[in-house]
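One letter stands for each residue in the lines below.
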Amino acid sequence: MRYLPLTDEDRRRMLAAIGASSIDDLYRDIPEKVRLGGLLDLPGHAGELEVERAITAMAARNLGTGAAPAFLGAGAYRHHIPASVDYLIQRGEFLTAYTPYQPEVSQGTLQALFEFQTQVAAITGMAAANASMYDGATSAAEAVMMANRVTRKSRAVVSGGLHPHYREVMATHARFLGFDLVAADPGPAGGEDLIPMIDDQTSCVVIQSPDLFGRLHDLRPIAAACHEKGALLIAVVTEIVSLGVVESPGAMGADIVAAEGQSLGVPLSFGGPHVGLLATRDRYLRQMPGRVAGQTEDVDGRRGWVLTLSTREQHIRREKATSNICTNSGLCALAFTIHMALLGEEGFVRLARLNHAAAVTLAGRLAEIGGVEVLNDTFFNEFTIRLPKPAAVVVEALAEKGILGGVPLSRFYPDDDDLSNLMIVAVTEVNTGSDMDALASALREIL
Amino acid sequence: MMAEKMRSGPAAGGAVTGGTITGHRGLQLEEPLIFEQDSPGATGVDLPQPAAVAERLGELKRQGPIGLPGLSEPQVVRHYTRISQKNYGIDSGFYPLGSCTMKHNPRINEKLARLPGLGDLHPLQPQSTTQGMFELMDTLVHWLKTITGMPAVAMSPAAGAHGELCGMMCIRAAHEATGDPRKKVLVPESAHGTNPATAAACGYAVESIPANDRGRVDLSAFKEKLADDVAGIMLTNPNTCGLFENDIIDIADAIHGIGGFFYCDGANLNAIMGKARPGDLGVDCMHINLHKTFSTPHGGGGPGAGPVVLSEALAPFAPLPYVIHGDAGFRLVEHEGQSGGQPFGRLKGFHGQVGMFIRALAYMMSHGADGLRQVSEDAVLNANYLLAQLKDTLSASFDGPCMHEALFDDHFLKDTGVTTLDFAKAMIDEGFHPMTMYFPLVVHGAMLMEPTETESKASLDEYINAVKGLAAQARSGAVDAFHAAPRFTPRRRLDETSAARHPVLRWRPPQEEVAAE
């Protein structure tokens with residue numbers, strides 16, 4: 001078997017060296033009555049060719065976004081990933097290393113994490129960031145728990161424009177930890193005012209911008225209202241590319257930024273693994289969850305990096321840790337970092353402008369179709385349209401024409417009739433003019 | 001300036017004599033941060049000029065620069081290549097990091113995860129367009145259920161600790177459903193730190209159970225803690241001492257006897273695949289680290305994946321979403337009420353670490369039933385070989401055969417002035433990644449070695465020879481050499497205390513550095 005170096009002769013000699021009569025002799029601590037006699041009821045081993053054939057056959061039964069005009073967003077976005085990103089993250093030194101607990105042999109991972117933290121802090125406008133979370137949804141939930149610790153309050157106010165998965169993950173933690181989560185209703189028409197919902201018991205307000213419907217929010221008024229009541233403002237960003245052209249949450253007064261970083265360097269991969277970003281102000285560093293890399297010197301006085309502030313973490317603090325997180329999303333964070341390094345200031349801003357320009361163009365074209373209404377006043381690269389019939393039906397009809405048209409709101413809110421005709425449409429730099437033609441003309445035929 | 005400081009080569013008193021002009025040492029290349037290589041205006045991408053449009057950003061257009069450096073593609077490629085060379089990976093050499101299962105990561109798995117139709121699937125596409133992906137997930141579910149002998153799997157947890165959270169939330173939900181939420185969870189003192197942290201994150205109080213002198217749960221101490229307010233036990237098996245808990249069936253029966261549940265930490269599943277099934281041991285739920293047992297790469301700290309197998313009693317409480325067989329093919333259940341059960345909620349955005357599912361399934365199919373059993377047997381054989389060859393040199397903590405990892409303590413270093421940490425750092429100079437140190441906490445100065453099945457006998461012999469040599473050096477009084485180790489690494493021992501006391505968590509431009517001081 002290709003991954004197993006021991007030969008039968010090795011095994012025989014090793015058993016002899018151990019003084020064991022057979023391999024089962026080494027398993028004698030397992031109670032006899034639960035030891036398996038025969039093989040598990042599964043197929044036998046297979047060569048690389050056979051495995052590739054079987055999995056490729058499964059892949060062929062899907063319609064990938066690379067094979068169709070695709071306008072799907074709502075928390076996961078298809079962007080072009082430069083070839084060198086995927087090459088570099090597959091270097092064995094990065095791919096096959098463990099968490100950098102031994103800094104002398106992990107400076108590569110640690111330096112990259114330090115660069116990642118610096119990039120994340122820069123684009124979000126915050127003082128510092130951690131070394132990544134599982135994804136945007138878990139990062140946002142951890143941000144709420146962090147705000148509860150900082151403020152010693154336990155009532156979180158959540159915008160109706162927050163991605164429903166994010167809200168649902170928070171609700172799970174709220175249920176088991178016993179904090180309150182007060183969520184506004186989804187408001188695709190805009191005009192949400194969360195300020196009256198903030199009271200003295202409020203630990204934080206969670207607001208996403210661009211929100212689920214694609215709308216941008218000025219965070220300054222809500223930040224001021226939070227700070228007046230001793231609450232923190234948590235800004236959520238699911239499309240990180242937006243920060244190339246949109247004011248950073250930090251500049252608008254956010255205390256914690258929880259974001260999804262998938263748009264840079266990380267493939268869609270049906271929703272995971274992605275990479276959660278978490279950034280905050282200096283004074284809350286020690287309440288951050290997760291791993292963090294810090295700069296220091298070695299015994300020769302040379303600059304280097306280590307994992308630091310570990311007294312917050314589970315392997316030291318056990319049940320008193322700030323979070324139970326251990327493994328994070330290291331390799332996706334590396335992909336993010338490399339993609340961002342390739343873009344640089346100029347490339348990142350231009351990428352954002354390309355996305356926005358494409359979205360403005362598409363919104364204009366869709367608005368010309370009879371029966372279609374664009375609901376957004378503002379947006380970055382996605383917006384919500386109202387259709388004359390249920391969006392789920394339209395999406396299926398588009399799929400039959402080989403077009404992946406958008407995300408129907410009913411996917412998140414199956415029982416809300418007011419939302420059933422709404423569809424979220426995202427467009428990025430990968431969408432061509434002919435993709436837009438295909439969507440517009442297919443919609444005309446279907447509606 | 002930082003960059004100059006870093007390039008200045010080893011200072012006087014360093015282990016390597018003879019500095020160079022550049023600070024580089026042959027293939028050991030110094031490399032500044034990307035922020036220190038900024039050429040304003042340079043970029044590693046060629047993007048077209050955006051069309052002129054009437055912006056729809058409202059009043060929220062970004063003001064001012066971001067502060068990202070500009071580099072061309074060759075600079076970026078060289079930068080990350082150079083820093084990668086300061087890392088040790090499984091591809092580089094032996095990585096006997098106990099409890100971490102650092103086994104070979106096959107590249108076919110990487111290739112398949114990137115296939116068109118898998119890597120480029122959007123999680124919210126119409127379900128009619130992702131039937132092949134559901135089939136893949138369903139196939140993986142079948143393999144996991146068969147390997148563990150359990151009836152159900154929750155696939156969405158993102159890592160081991162996330163799986164623990166999932167399992168404990170299922171337990172709490174099951175108790176709440178009967179109107180008796182209960183307060184306490186029992187956790188052996190040998191447990192990984194995530195276990196008590198997870199129990200606390202589910203709102204439980206943690207009670208610690210001591211180990212006995214055989215490295216297992218002290219059965220009588222455990223039974224004394226059993227009471228009506230105990231929700232369950234979190235037990236790793238094989239445990240973190242590398243031993244099979246041979247009283248496991250008694251433990252399971254006892255916890256079930258008080259209406260509690262048995263959470264098994266499956267971090268060490270690599271020892272028992274095809275040899276015993278957790279379902280036959282009385283386990284109610286167990287997370288599986290796909291990034292350990294099923295070879296998805298650790299990636300320098302993730303991403304992982306931590307599916308949780310569940311008993312009949314806990315399966316109804318599994319979180320959303322999950323795949324079921326519907327009338328017209330597979331269907332993804334994303335909302336309560338769309339299928340039976342009382343899901344406790346959602347743990348993660350979208351549907352789980354699907355990219356890791358693809359890799360894990362490719363690994364399982366490659367091995368098959370016969371190969372998976374051979375994996376466990378070889379992992380156990382390799383660990384016992386290390387134990388047998390080193391037990392007279394180091395101090396083995398417990399008698400008898402081990403499972404897939406061998407535990408030693410620091411008695412053999414008594415009075416040498418050399419600590420477990422020093423010993424580990426000296427191993428780095430010999431070309432190995434160190435073993436796990438100071439864990440588990442139940443023995444003094446622990447050294448936990450997990451070779452995995454993907455090491456050859458020659459590789460183990462080389463390691464054994466080096467460890468024996470280092471032990472002899474320690475006993476011969478070469479204490480200074482141990483304190484100076486590692487000597488040949490890109491950086492020597494780093495000052496972790498000052499890093500924590502004065503955290504520097506990001507680069508800042510030199511002028512801001514000065515301003516901040």
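Residues numbered from 1 in each chain as written. Chains lettered and ligands numbered in written order. Predicted model: local features only at pLDDT ≥ 70, side-chain atom pairs only at ≥ 80, totals over all residues. Heavy atoms only, no water.

Undergrad: Just checking my understanding: could you explain the layout of surface pockets for this structure?
TA: Rolled over the atoms, a probe as big as a water molecule pinpoints where empty space is left. Considered as a void within the structure, the largest pocket measures approximately 1,300 Å³ in volume. Lining of the largest pocket is provided by 50 residues; of these, Y101(A), Q102(A), H315(A), I316(A) and M437(B) occupy positions nearest its centre. Of the residues contributing to the lining of the largest pocket, the split by class is 22 nonpolar, 19 polar and 9 charged. Reported here for the second largest pocket is a volume of approximately 710 Å³. The wall of the second largest pocket is formed by 36 residues, among which I81(A), V266(A), P267(A), R114(B) and G119(B) lie closest to the centre. Where the lining of the second largest pocket is concerned, the elements lending two or more residues are α4 (83-89) and α11 (330-367) of chain A together with α3 (107-113) and α9 (354-390) of chain B. Ranked by residue count, the leading element in the lining of the second largest pocket is α4(A), at 4 residues. Tallied by class, residues from the lining of the second largest pocket come to 21 nonpolar, 9 polar and 6 charged. (1 Å grid on protein atoms, 1.4 Å probe; cavity = no way out; pocket = protein on both sides within 12 Å on 5 of 7 lines; lining within 4 Å. Points joined across faces, edges and corners; volume = space filled by probe spheres on them. Nonpolar A, V, L, I, M, F, W, Y, C, P; charged D, E, K, R; others polar. Helix = DSSP H or I, 4+ residues; strand = E, 2+ residues; numbered from the N terminus.)

Undergrad: How should I be thinking about the domain arrangement of chain A in this particular structure?
TA: A common measure of how large an interface is: the accessible area buried when the components associate. Residues and elements named next belong to chain A. Considered domain by domain, chain A is made up of domain 1 (65-80 + 344-446) and domain 2 (83-339). Its C-alpha centre places domain 1 at a distance of 27 Å from the equivalent point of domain 2. On the side of domain 2, 29 residues touch domain 1, which itself brings 30 residues to the contact. Counting each side, the surface lost to burial between domain 1 and domain 2 is near 2,400 Å², with a carbon and sulfur contribution of 65%. Considering only the side of domain 1, the residues that lose the most area to domain 2 are Y77, F348 and F380, jointly responsible for 26% of the buried surface there. The tally of links from domain 1 across to domain 2 stands at 1 salt bridge. Between D377 and R215 there is a salt bridge; the shortest N-O distance is 3.2 Å. At the surface where domain 1 touches domain 2, the tally comes to 12 residue pairs in polar contact (both at pLDDT 80 or more). Elements supplying a minimum of two residues to the side of domain 1 that touches domain 2: α11, β11 (382-386) and β13 (422-426). Broken down by element, the side of domain 1 that touches domain 2 gets its largest block of residues, 6 residues, from α11. (Domains from an automatic or database assignment. Contact = heavy atoms within 4.5 Å. Buried area = accessible area lost by both parts, 1.4 Å probe. Salt bridge = Lys/Arg side-chain N within 4 Å of Asp/Glu carboxyl O. Polar contact = N/O pair within 3.5 Å; in protein donor to acceptor, adjacent residues only side chain to side chain.)

Undergrad: What is the right way to read the nonpolar core from this model?
TA: Looking at soluble globular proteins, one finds that nonpolar side chains tend to be buried together. In this structure, I55(A), F222(B), F294(B) and F423(B) are the most contacted members of the largest nonpolar core, which totals 121 residues. With 21 residues, the top contributor of residues to this core is α9(B). Shared between two domains, this core takes at least three residues from each, and those domains are domain 1 (109-363) and domain 2 (368-499) of chain B. If you look at the next biggest cluster of nonpolar residues, it comprises 77 residues, including F114(A), V205(A), L219(A) and L343(A). (Core = buried A, V, L, I, M, F, W, Y, C linked by side-chain atoms within 4.5 Å. Buried < 20%, exposed > 50% of the residue type's maximum accessible area, 1.4 Å probe, protein only.)

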